[in-house]
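# Tertiary structure, described
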Amino acid sequence: MPIAHPLPVMDDAYWMEQALEQARHARTLREVPVGAVVVADGRVIGTGHNAPVSTRDPTAHAEIGALRAAAQECGNYRLPGTVLYATVEPCTMCVGAIVHARVARVVFGAREPKAGASDLFADARYNHRVAVTGGVLAEECGALLSAFFRSRRGSV
């Protein structure tokens, strides 16, 4: 059962478009095109795009980059009242970071059937609850990923 969101829901598609811009940037770097933005009080306070290959850092996921940037902007690793938009369903690592950061809500685009872990947000063992909305601009987000992987297979 989804958790009720305490903040008014702004235009999720608008903010997901911002995350898609980050994903497109990742694609130009030959990274898997995933992007994320953290929004607070109607403005973007952190952006991120996938960068594990270029940075040689397995934790350089889009969501982690956006959380790091938002924490720097706020001067605090806790980000209560924020919303994280990600073009793809977060993985287990990113779910943990989102919970620890105390993000209020996560909105994602495409489902990730192999590594997606948004069901973990409902785990009763966590001491923080995160509201989740999936499927926002799912077709656009999924198409970006599909095209990337199709081009990779074609060039092998």
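Throughout what follows, the structure given in this document is the object of discussion.

## Quick look at the pairing of strand S3 (residues 83–88)
- Most of S3 sits inside the fold, with six of its six residues counted as buried.
- Of the pairings in the sheet, the one linking S3 to strand S4 (residues 105–110) comprises five bridges and is parallel in character. Within S4, the position partnered with alanine 86 by the bridge is phenylalanine 108.
- Taking the sense of rotation as the criterion, the β-α-β connection linking S3, helix H4 (residues 92–101) and S4 turns out right-handed.

## Considering the nonpolar core
- Val38, Leu67, Leu84, Ile98, Val103, Val106 and Phe121 are the most contacted members of the largest nonpolar core, which totals 23 residues.
- Of all the secondary structure elements, the ones that give two or more residues to this core are strand S1 (35–40), helix H3 (62–74), S3 and H4.
- Excluding anything up to four places from it in sequence, phenylalanine 121 contacts Val95, Ile98, Val99, Val106, Val130 and Val132.
- Listed in part, the 15 residues of the second largest apolar core include Trp15, Val39, Val83 and Val136.

## Some points on the packing of aromatic side chains
- As enumerated under the stated definition, the model contains two aromatic pairs in all.
- Relative to tryptophan 15, the ring of tyrosine 14 lies with its centre 4.8 Å away and its plane at 80°, an arrangement referred to as edge-to-face.
- Accessibility expressed as a relative area gives 44% for tyrosine 14, which makes it partly exposed.
- By relative accessible area, which is 7% here, tryptophan 15 ends up buried.

## Details of H4
- Of the residues making up H4, those classed as buried are Cys94, Val95, Gly96, Ile98, Val99 and Ala101.
- Those residues of H4 hidden inside the fold are in contact with H3, S3 and S4.
- Following H4 by one or two positions, arginine 102 adopts a phi angle in the positive range, close to 65°.

## Let's talk about the packing of helix H1 (residues 12–28) against helix H5 (residues 138–154)
- The interhelical angle for the contact between H1 and H5, taken along N-to-C directions, is 5°, at an axis separation of 11 Å. Regarding the angle of H1 to H5, the classification is roughly parallel. Together, Met16, Leu20, Ala23, Arg24 and Arg27 of H1 and Glu140, Cys141, Leu144 and Phe148 of H5 make up the contact between the two elements.
- Of the residues in the contact of H1 with H5, the class split is six nonpolar, no polar and three charged.

## Some details on the side chain of glutamate 31
- Residue placement: glutamate 31 occurs in the loop between H1 and S1.
- In this structure, glutamate 31 is buried with no salt-bridge partner, the nearest side chain bearing the opposite charge being arginine 152 at 7.5 Å.
- Among the polar contacts listed, one links the side chain of glutamate 31 to the backbone nitrogen of valine 53, at a separation of 3.2 Å.

## Considerations on the side chain of glutamate 89
- Inspection of the secondary structure assignment puts glutamate 89 in the loop between S3 and H4.
- Assessed through its relative accessible area of 9%, glutamate 89 is described here as buried.
- A polar side-chain atom of glutamate 89 sits 3.0 Å from the main-chain amide nitrogen of glutamate 112.
- Engagement of the side chain of glutamate 89 in a polar contact is seen with the side chain of serine 118, the distance being 2.7 Å.

Each value, and the rule that gives it
- Here the residue numbering is sequential within each chain, running from 1 through the sequence in written order.
- Local features are withheld for residues below a pLDDT of 70 in this predicted model, meaning they are given only at 70 or higher, and side-chain atom pairs are given and counted only at 80 or more; totals for whole chains, interfaces and linings count all residues.
- Side-chain numbers here rest on the full set of heavy atoms in the structure, without hydrogens or water.
- Relative accessible area decides the class of each residue, using a 1.4 Å probe on protein chains only: under 20% of the type maximum gives buried, over 50% gives exposed, and in between gives partly exposed.
- Note on conventions: DSSP H or I runs of at least 4 residues are helices, E runs of at least 2 residues are strands, and numbering of each starts at the N terminus.
- Here, any two strands with at least 2 DSSP bridges between them count as paired.
- Look down the strands so they point away from you; if going from the first strand over the helix to the second traces a clockwise path, that crossover is right-handed.
- As used here, the term nonpolar core means buried Ala, Val, Leu, Ile, Met, Phe, Trp, Tyr and Cys residues forming a set that is joined through side-chain atoms within 4.5 Å.
- In this analysis, two residues are considered to be in contact whenever any of their non-hydrogen atoms come within 4.5 Å of each other.
- Each aromatic pair joins two rings of Phe, Tyr and Trp (for Trp, the six-membered one) with centres within 6.5 Å, and gets the label stacked for planes under 30 degrees apart, edge-to-face for over 60, and tilted for any other angle.
- Every angle, taken between N-to-C directions, lies between 0 and 180 degrees, and every axis is a line fitted to C-alpha atoms, over only the stretch in contact when it is a helix.
- The scheme is simple: roughly parallel for angles under 35 degrees, roughly antiparallel for over 145, roughly perpendicular for 65 to 115, oblique for anything else.
- For this classification, the nonpolar set comprises Ala, Val, Leu, Ile, Met, Phe, Trp, Tyr, Cys and Pro, the charged set comprises Asp, Glu, Lys and Arg, and every other residue, Gly included, is treated as polar.
- The charge count treats Lys and Arg as positive and Asp and Glu as negative. His and the chain ends do not count.
- Each salt bridge in this description consists of a side-chain nitrogen of Lys or Arg and a carboxyl oxygen of Asp or Glu lying within 4 Å of one another.
- Polar contact criterion, stated in full: a pair of N or O atoms within 3.5 Å, where within protein one must be able to donate a hydrogen and the other to accept it, and residues adjacent in sequence count only if both atoms are side-chain atoms.

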